Amino acid sequence: MLSLFAPWDRGTDVSRPRWFARWRSAAGPGHVWLVGAGPGDPELITVRALRLLQQADVVVYDRLVAPALLAHCRRGARRLYVGKRSGAHSVPQQDINALLVREAQAGRCVVRLKGGDPFVFGRGGEEMLALQAAGVPVSVVPGISAAHGCAAATGIPLTHRDLADGVTFITAHRRDGAAGTDWAALAAQPSRTLVCYMGLSELARISEQLIAHGLPASTPAALICHGTTAAQRAVRCRLDTLDETAQRAAMASPCLLIIGQVVALGDPARLCAIEQMATA
């Protein structure tokens, strides 16, 4: 049986199956696929995403994409890095948009490979609109988001009939000029799970604002860095000790924050208290 991750023959176009030829003739001169690579573990990519990666002419990828996935690009494919990190964007977003348009208009099959899911704080919506405005065909292949991957990797159910009847995804970094976070609304429902992306540098503010607007200081919280990978580290604490815990545990980006009663259900073997981490 052919392994899912065994690359198809990269030496000739024989590696491109019949469905690809049918798609290519129907799709026109070029096409961009916004593809989710998953939260870090390369085995969490979808079958469809992997097939597209193996067939693409150009792969435009981000910082959080697992390097092992790039080994599955077909021979001759161009791999273009456009990764971002806080305070250090290798390529501005408008230039990435222009790159995708240019490659597709040149008649190429382009995979825009993003960590997690393209439509969950991945700027997939911005890129989709730019491509549509340029008349470029674009499709989206969803991926397992960081929220879902990190929660599963630590045994935290994002929803639970007895503890959490909803979940809200937020980001700690907003676009300049964007409306401020509605902290009162976020704190108003203790039965809701909050998942915060890109919040490591804003933990003190997040904790302070949620408590000031009514969320109990004792609410359980979890910090998970490098989730789903071999380098994963995860620690639980109270809402009012978030910043202190992150510093004592030396948590690093990328780091996901989960707040809510469901954190108490996390697997103790994969989600420890700071005291346990210090003695491990």
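This section reports on the structure supplied with the text. (Residues numbered from 1 in each chain as written. Predicted model: local features only at pLDDT ≥ 70, side-chain atom pairs only at ≥ 80, totals over all residues. Heavy atoms only, no water.)

## What to know about the overall build of the chain
We count it as follows: Elements are defined by DSSP. Helices are runs of H or I of four residues or more, strands are runs of E of two residues or more, and each kind is numbered from the N terminus. Residue exposure (1.4 Å probe, protein chains only): buried if accessible area is under 20% of the type maximum, exposed if over 50%, otherwise partly exposed. When checking whether two residues touch, look at their non-hydrogen atoms; a contact exists if any pair is within 4.5 Å.
Check the secondary structure of the chain and you find ten helices and 13 strands. Taking all 280 residues of the chain together, the buried fraction comes to 46%. Within the chain, contacts between residues separated by at least 24 positions form 71% of all contacts whose residues are at least 6 apart in sequence.

## Some details on unusual backbone geometry
Following Ser 253, the chain continues to Pro 254 via a peptide bond in cis, the omega torsion being 0°. For Arg 123, which is not a glycine, the phi torsion comes out positive at approximately 60°. Structurally, the position occupied by Arg 123 is in the loop between β6 (109-114) and α5 (124-133). Not every positive phi belongs to a glycine, and Thr 228 is a case in point at roughly 75°. Within the secondary structure layout, Thr 228 lies in the loop between β10 (220-225) and β11 (233-238).

## Points about the pattern of salt bridges
This is how the line gets drawn: Definition used for salt bridges: Asp or Glu carboxyl oxygen within 4 Å of a side-chain nitrogen of Lys or Arg.
The final tally for this structure, using the stated rule, is ten salt bridges. Here Arg 78 ties to Glu 103 by a salt bridge, and the two come within 2.9 Å at their closest N and O atoms. Placement of the pair is Arg 78 in strand β3 (residues 78-81) and Glu 103 in helix α4 (residues 93-105), with a sequence separation of 25 residues. In this structure, the salt-bridge partner of Arg 108 is Glu 103, at a minimum N-O distance of 2.9 Å. Residue classification places Arg 108 among the partly exposed positions, given a relative accessible area of 31%. When salt bridges with common partners are traced through the structure, they connect Asp 62, Arg 112, Lys 114 and Glu 127 into a single cluster.

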